[in-house]
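Now for the letters of each chain:
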Amino acid sequence: MNQVTSTTTGRSTDRSRWLALYVLCAGMLMIVLDVTVVNVALPAIQDDLGFSGSSLAWVVNGYLIPFGGLLLLAGRLGDLLGRRTIFVTGLAVFTVASLLCGLAQSQEVLVAARFLQGVGGALTSAVILGMIVTLFPEPREQAKAIGIYAFVASAGGSIGLLAGGVLTQAISWHWIFFINLPIGVATAALAIRVIGNDSGIGWRRGADLPGAVLITAALMVGVYTIVKPAAELGWTAGQTLVLSALTLVLLAGFIAREATAASPLVPLRIFRSRNLSGSNLIQALSSSGMFGIFFLGSLYLQRVLGYDALEIGLAFLPTTIVMGLLSVRYSEKLVMRYGARRSLIAGLALIVVGLAYFTQAPVDGSYVVHVLPVVILLGLGGGVCFPAVMTLAMSSATEEDAGLASGLIGTTAEVGAALGLAVLATLAATHSAGLEGTGRTVEAALTSGYQFAFAIAAIIVAAAIVIALTVMRPERTASPATEPAPTDDCLEAA
């Protein structure tokens, strides 16, 4: 294919398409960095603004709830109104909210600004993958572009740990938000310049306001349930059960609405694709297992081995380096040679091995012996797994549904990560508390709790392998001269 036509850029040169990709990835990196960079600065924020231990969680939850709740709606709005429009609007909202966060001198202002940041983050990130697949319809280029995006989306979090430690210790916590201002303005200006505007399919094709209200409410209530009552009170607490039931009722109402609406917000036909549905299940499970471990692994390094914030960021840096090398240079070659499904299974297997190895980390653990092999295996697995699962998720999406499919895969990753973090953290804390009552030292009890959570995480990711083997359809190989276009049932493999 010598020339590519895209609704996002019209007839564009190779240089302009790749420049557009880098602009999109810059926007995504800003969003991803913000999540972990704030986690590192939480103690400084607590000291400065007087947060209590319980209220401090709202600095994180105030962002996660709108972000997780609006991803699906934001992706569909990109299909309807134009993806560049939604992307730039999200950047503007996120940048203004970052300024408000940096200027905040009270708890209420900071939490409100974080909520606004979550809205901007959802609008920005939900449409990126959809824009990428329309920019790069040719399989080999698409695999490479998705590999770059997957690296930014997956490994940016560990960069945030390092950046948060440097900014907080060298200047102040306010600068973890101020740093977003020049990045946001520059990214928006470049996006308007290098990404062609698309008009979308029109509001009438999917202006399902009742459906939008139902799915957004369901996701927001669901994310709130995970990060607040479930994490703090337990999964069997009355408040958790009531809110979980409300989430299910809202989801049921949304499905009923979409099945009967003349112009549904989310056409249920997209779930007929085994690859799309399977990819989202795998994304949820792998995010649950892997990203919960970054949090618990950080606690192990801090509470047991005595690392400070900057040392924790440096400890996870090999994950970023390895994942970046694989995602940018080799993921496309692996997908084209062995197929996305085989690459996905291999990546998940590496993650399982890494998590299983982490269960052996002792109280007096050594970074080189007990931690470094884990972060390298997670980097290898993530660098192979995440580009492959995104490729499979988008392989059967039509041009009209690309934004929806992009928002969906983002939603499952976000909800899966939140669910995994809540479940694994609860299991680790409960297990540790039980052991402390038997006379074991605090460090020994904490370590045992983390080991237990690492084992559960390995089982969760192993379940994703089972889905990949049983639900996902294998790609059909074809000679270069007769390669068929991707269909609902297959993704090209060279």
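Throughout this description, residue numbers start from 1 for each chain and increase along the sequence as written. A pLDDT threshold of at least 70 governs which residues receive local features in this predicted model, and a stricter bar of 80 or more applies before side-chain atom pairs are shown or counted, although totals over entire chains, interfaces and linings include all residues. Only hydrogens and water are set aside; all other atoms, that is, all heavy atoms of the structure, feed into the side-chain values.

Chemist: Residues and numbers for the overall build of the protein, please.
Modeler: The way it works is that DSSP assigns letters per residue, a run of H or I at least four long becomes a helix, a run of E at least two long becomes a strand, and they are numbered from the N terminus. For the protein, the helix and strand inventory stands at 17 helices and two strands. Contacts spanning at least 24 positions in sequence make up 82% of the contacts within the protein whose residues lie at least 6 apart. With residues, only the protein chains shown are counted as cover, and all accessible areas are computed by Shrake-Rupley using a 1.4 Å probe. With an accessible surface of roughly 19200 Å², the protein has 67% of that area assigned to carbon and sulfur atoms. Residue contacts follow a heavy-atom distance rule, with two residues in contact if any of their heavy atoms lie within 4.5 Å.

Chemist: Which residues make up the environment of Val374, and what values go with them?
Modeler: Checked against the element boundaries, Val374 lands in helix α15 (residues 367-394). Those residues in contact with Val374 that lie beyond four places of it in its chain are Gly354, Tyr357 and Phe358.

Chemist: Describe the layout of surface pockets, listing the residues and the values that go with them.
Modeler: Considering only enclosed or pocket space, the second largest pocket measures out at about 790 Å³ in volume. We place a 1 Å grid over just the protein atoms. Points where a 1.4 Å probe fits but has no way out form a cavity, open points with protein on both sides within 12 Å along at least 5 of 7 lines form a pocket, and any residue with an atom within 4 Å of a point lines it. Lining the second largest pocket are 31 residues, and of these Leu219, Leu251, Thr411, Thr412 and Val415 lie nearest its centre. Secondary structure elements with two or more residues in the lining of the second largest pocket: α9 (209-233), α10 (238-260), α11 (274-304) and α16 (402-436). For the lining of the second largest pocket, a count of residues per class yields 21 nonpolar, ten polar and no charged. Grid points are joined across faces, edges and corners, and a volume is the space filled by probe spheres set on the points. Here the term charged refers only to Asp, Glu, Lys and Arg, the term nonpolar to Ala, Val, Leu, Ile, Met, Phe, Trp, Tyr, Cys and Pro, and the term polar to all other amino acids, Gly among them.

Chemist: Before we move on, could you go through a nonpolar patch on the surface and cite the residues and values that matter?
Modeler: Taken together, Val96, Leu100 and Leu116 make up a surface patch of nonpolar side chains, about 230 Å² in accessible area. For Val96, the location among the structural elements is in helix α3 (residues 83-103). Patches draw on residues past 30% relative accessible area with no salt bridge. Two like charges within 9 Å are joined, as are two nonpolar side chains (Val, Leu, Ile, Met, Phe, Trp, Tyr) within 5 Å. A pair is scored as a salt bridge if a Lys or Arg side-chain nitrogen falls within 4 Å of a carboxyl oxygen belonging to Asp or Glu.

Chemist: I'd love a proper account of α11, names of residues and values included.
Modeler: Here the expected length of a helix is defined as 1.5 Å per residue gap, with one fewer gap than residues. Taking 1.5 Å per residue as the helical rise, α11 with its 31 residues ought to reach 45 Å, and the 43 Å between its terminal C-alpha atoms agrees with that figure. Bend is computed residue by residue as the angle between axes fitted to the seven residues ending at the residue and the seven residues starting at it. The axis of α11 is deflected most strongly, by about 25°, at Phe294. Here α11 lies mainly inside the structure; 22 of its 31 residues are buried. Note on α11: the residue one or two positions beyond its end, Gly306, has a positive phi of about 80°. The buried label applies to any residue whose accessible area, calculated with a 1.4 Å probe on protein chains only, is under 20% of its type's maximum; exposed applies above 50%, and partly exposed to all values in between.

Chemist: Any details on the packing of aromatic side chains? Residues and values, ideally.
Modeler: Here a pair means two rings of Phe, Tyr or Trp (six-membered ring of Trp) with centres within 6.5 Å. Their orientation is stacked below 30 degrees between planes, edge-to-face above 60, and tilted elsewhere. A complete count under the given rule lists five aromatic pairs for this structure. Note on Tyr300 and Phe358: the rings are 6.0 Å apart at their centroids and 85° apart in plane angle, and the pair reads as edge-to-face. Within this pair, whereas Tyr300 is found in helix α11, its partner Phe358 is found in helix α14 (residues 340-358), the two being separated by 58 residues in sequence. Three or more aromatic residues joined by ring pairs form one cluster here, namely Tyr300, Phe358 and Phe454. A positively charged side chain is recorded as over a ring if its NZ (Lys) or CZ (Arg) lies within 6 Å of the ring centre. The angle to the ring normal must also be within 35 degrees. Between Lys144 and the ring centre of Trp18, over which it is positioned, the NZ or CZ distance is 5.5 Å.

Chemist: Please give an account of the pattern of salt bridges that cites residues and values.
Modeler: Within the structure shown, the criterion is met by one salt bridge. Two residues, Glu141 and Arg17, come together in a salt bridge whose shortest N-O distance is 3.2 Å. Of this pair, Glu141 sits in helix α6 (residues 139-170) while Arg17 sits in helix α1 (residues 14-49); the two residues are 124 residues apart in sequence, bridging distant segments of the chain. Summarising the burial analysis for this pair, Glu141 and Arg17 share the class buried.

Chemist: Requested: an account of the confidence of the model for the protein, with residues and values cited.
Modeler: Per residue, pLDDT measures the predictor's confidence, with a range of 0 to 100. When pLDDT is averaged along the protein, the result is 79; 84% of the residues meet or exceed 70. Mean pLDDT per element in the protein: strand β1 (residues 5-6) is the minimum at 40, and α3 is the maximum at 92. Confidence drops under a pLDDT of 50 for residues 1-12, and excluding neighbours within four residues, the segment shows 28 contacts in the predicted structure. Counting interchain partners and residues more than four positions distant, the pLDDT-below-50 stretch residues 476-494 has 34 contacts.

Chemist: Pulling in residues and values, what's your account of the nonpolar core?
Modeler: As a rule of thumb, nonpolar side chains are buried together in soluble globular proteins. Phe87, Leu110, Ile132, Tyr149, Ile282, Leu344 and Tyr450 are the most contacted members of the largest nonpolar core, which has 129 residues in total. It is α1 that contributes the most residues to this core, 16 residues altogether. Apart from the residues lying within four places of it in its own chain, the contact partners of Tyr450 are Leu296, Leu299, Tyr300, Arg303, Val304 and Ala428. In this text, buried Ala, Val, Leu, Ile, Met, Phe, Trp, Tyr and Cys residues form a nonpolar core when linked through side-chain atoms within 4.5 Å.

Chemist: Can you explain the packing of α3 against helix α8 (residues 180-194)? Please cite residues and give values.
Modeler: At their nearest, the axes of α3 and α8 sit 9 Å apart, and the two run at 165° to each other. Judged by the inter-axis angle, α3 sits roughly antiparallel to α8. Handedness of the crossing formed by α3 with α8: left-handed. Only Asn180, Leu181, Gly184, Val185, Thr187, Ala188, Ala191 and Ile192 of α8 make contact with α3, whose side of the interface consists of Arg84, Phe87, Val88, Leu91, Phe94, Thr95, Ser98 and Leu99. To define axes, lines are fitted to C-alpha atoms, for helices over the stretch in contact only, and angles between the resulting N-to-C directions are given on a 0 to 180 degree scale. Geometric relationships in this document are graded by angle, where less than 35 degrees denotes roughly parallel, more than 145 denotes roughly antiparallel, 65 to 115 denotes roughly perpendicular, and other angles denote oblique. Crossings are assigned a handedness: left-handed for a near helix turned anticlockwise from the far helix by less than a right angle, right-handed for a clockwise turn.

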